[in-house]
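One letter stands for each residue in the lines below.
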Amino acid sequence: LILGVVATVWAGLHNRSVVVERLQGTASLLAMAVDQGIANRQAQLNLLGRLELDQRIARDTTASATTISELVWLDDQDNGLPPRLREQARHTPGPLTNVLQPAPSHPALLLFRGPRGNDGLRPGLLQTSNSLIDLLPATGEQQPLLVALVDSQGRVAARSRDPAQWIGRRVPDWDRLQALGTAHGHIQARTQEGDAVVFAFQKLETAPGWVLVVGEPLSHFQSSWLMPLRGIIAGGLVALVLSL
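A short tour of the structure in this document, coming up.

Considerations on the overall build of the protein
No. 1: Helices and strands together make up the secondary structure of the protein, namely 6 helices and 8 strands.
No. 2: Ordered by position in the sequence, the α and β elements of the protein form the string α-α-β-α-β-β-β-β-α-α-β-β-β-α.
No. 3: The buried share of the protein, taken over its 244 residues, is 42%.
No. 4: Partitioning the intrachain contacts of the protein with sequence separation of at least 6 by distance along the chain shows that 51% fall at a separation of at least 24.

Describing the sheet that holds strand β3 (residues 122-128)
No. 1: Strand order in the open sheet formed by 3 strands is β1-β3-β2, and the pairing between neighbours is antiparallel. The sheet terminates laterally at β1 (71-74) and β2 (109-113), the two strands that pair on one side only. The sheet shows a mean angle of 35° between the axes of neighbouring strands, taken without regard to direction.
No. 2: Here β1 pairs with β3 via 4 bridges, running antiparallel. Within β3, the position partnered with L71 by the bridge is L125.

Brief notes about unusual backbone geometry
No. 1: A positive phi angle, close to 60°, is found at D78, a residue other than glycine.
No. 2: Tracing the backbone shows D78 in the loop between β1 and α3 (83-89).
No. 3: Judged by its relative accessible area of 3%, D78 falls in the buried class.
No. 4: The backbone of D162 sits at a positive phi, close to 50°, despite the residue not being glycine.
No. 5: Structurally, D162 can be placed in the loop between β5 (156-159) and α4 (163-166).

Observations regarding the pairing of strand β8 (residues 211-217)
No. 1: The buried fraction of β8 is high, at 6 of 7 residues.
No. 2: Where strand β7 (residues 196-203) meets β8, 7 bridges bridge the pair, whose relative direction is antiparallel. By the bridge assignment, V197 is partnered in β8 with P217.

A word on the nonpolar core
No. 1: Of all hydrophobic cores here, the largest spans 46 residues; its most connected members are F112, L149, L204, W210, L212 and V214.
No. 2: Here the element with the most residues in this core is helix α1 (residues 2-50); it accounts for 9 residues.

Some words on the pattern of salt bridges
No. 1: For the coordinates displayed, the defined rule picks out 9 salt bridges.
No. 2: A salt bridge links D76 to R116; its shortest N-O distance comes to 2.5 Å. With a gap of 40 residues between them, D76 in the loop between β1 and α3 and R116 in the loop between β2 and β3 connect regions that are remote in the sequence.
No. 3: Connected through salt bridges with shared partners, the residues D78, R113 and R122 form a single ionic network.

Re the sheet that holds β5
No. 1: Spatially, 5 strands are ordered β5-β4-β8-β7-β6 in an open sheet, and the strand pairing comes out antiparallel. Strands with a single pairing partner mark the edges of an open sheet, and in this sheet they are β5 and β6 (184-190). When the angles between neighbouring strand axes are averaged without regard to direction, this sheet yields 25°.

Description of the pairing of β6
No. 1: Along β6, the buried face is formed by G185, I187 and A189; none of H184, H186, Q188 and R190, which line the opposite face, is buried.
No. 2: As paired strands, β6 and β7 are joined by 7 bridges and run antiparallel to one another. The residue of β7 that forms the bridge with A189 is V197.
No. 3: Between the antiparallel neighbours β6 and β7 lie 5 residues, among them G194 with a positive phi of about 95°.

Section: the side chain of E216
No. 1: Position of E216 among the secondary structure elements: in strand β8.
No. 2: One polar contact links E216 to R22, side chain to side chain, over a distance of 3.5 Å.

Here is what the cut-offs are and how they apply
- Each chain has its residues counted from 1, following the order in which its sequence is written.
- This being a predicted model, a pLDDT of at least 70 is required before a residue's local features are given, and a value of 80 or more before pairs of side-chain atoms are given or counted; all residues contribute to the totals for chains, interfaces and linings.
- Each side-chain value is derived from all of the structure's non-hydrogen atoms; neither hydrogens nor water enter the calculation.
- Numbered from the N terminus, helices here are DSSP runs of H or I no shorter than four residues, and strands are runs of E no shorter than two.
- Think of it in three bands: with a 1.4 Å probe and only protein chains considered, a residue is buried below 20% of the maximum accessible area for its type, exposed above 50%, and partly exposed in between.
- Note on contacts: a residue pair qualifies if any of its non-hydrogen atoms lie within 4.5 Å across the two residues.
- DSSP-based pairing: two strands are paired if at least 2 bridges between them are found.
- The axes used here are C-alpha line fits, helices contributing only the stretch in contact, and every angle between their N-to-C directions lies in the interval 0 to 180 degrees.
- The definition of a nonpolar core used throughout is a set of buried Ala, Val, Leu, Ile, Met, Phe, Trp, Tyr and Cys residues joined through side-chain atoms within 4.5 Å.
- Put simply, a salt bridge is a Lys or Arg side-chain nitrogen that is within 4 Å of an Asp or Glu carboxyl oxygen.
- In protein, a polar contact requires one atom able to donate a hydrogen and another able to accept it; more generally it is a pair of N or O atoms within 3.5 Å, and residues adjacent in sequence count only if both atoms are side-chain atoms.

Everything listed here is a matter of geometry and, on its own, says nothing about what the molecule does.
What follows is the structure, encoded as structure tokens:
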């Protein structure tokens with residue numbers, strides 16, 4: 001009887017670890033895809049920065065450049081961006097900014113920066129924040145996983161479900177995730193909608209402080225490893241009755 005109990009507990013822990021590893025593997029693979037996409041865009045800007053372009057045309061058009069997915073030319077203070085975006089962009093001076101919010105009625109943006117040229121200007125690329133999620137497989141109604149990207153300030157930068165409603169908002173359990181101090185792991189938390197989920201996370205390499213999270217509903221997560229365990233328990237009870 002004691003051996004049966006020990007075997008059942010061990011089987012349950014093993015099943016749970018398998019489910020956690022599967023979820024963590026999904027987060028790691030998706031994070032690699034996002035890292036590759038960011039690296040490709042930065043490589044394009046690096047190439048543009050090395051080319052001998054007609055900077056006079058760039059200077060003439062950069063002051064009014066506000067179109068999404070448009071190439072702009074920036075100086076050290078990011079002049080060439082609208083004032084509201086420039087004020088937000090200065091908080092992240094690296095190759096990729098945190099989420100930029102032009103106005104309440106406009107989609108959130110990201111700014112990719114390239115290297116400086118001989119004249120001191122560097123190319124920049126404005127794109128919608130949720131464009132990063134286009135690099136990932138879509139999650140339909142039959143796919144319970146929630147995929148999201150969180151910037152270094154704990155704000156949603158991209159989301160597979162309802163992005164327009166939640167991008168730019170701080171995630172509820174950001175401080176808990178940061179307290180773990182690891183590049184990857186999993187926590188039980190709640191989504192922006194308040195649903196209980198298990199989140200597996202993976203920090204990005206191309207964007208310091210950014211995290212990709214994959215959330216699975218808690219009920220679905222538990223059933224994934226409890227269902228085989230129930231069969232083991234039922235078989236153990238039958239064996240116990242026969243033994244008695």
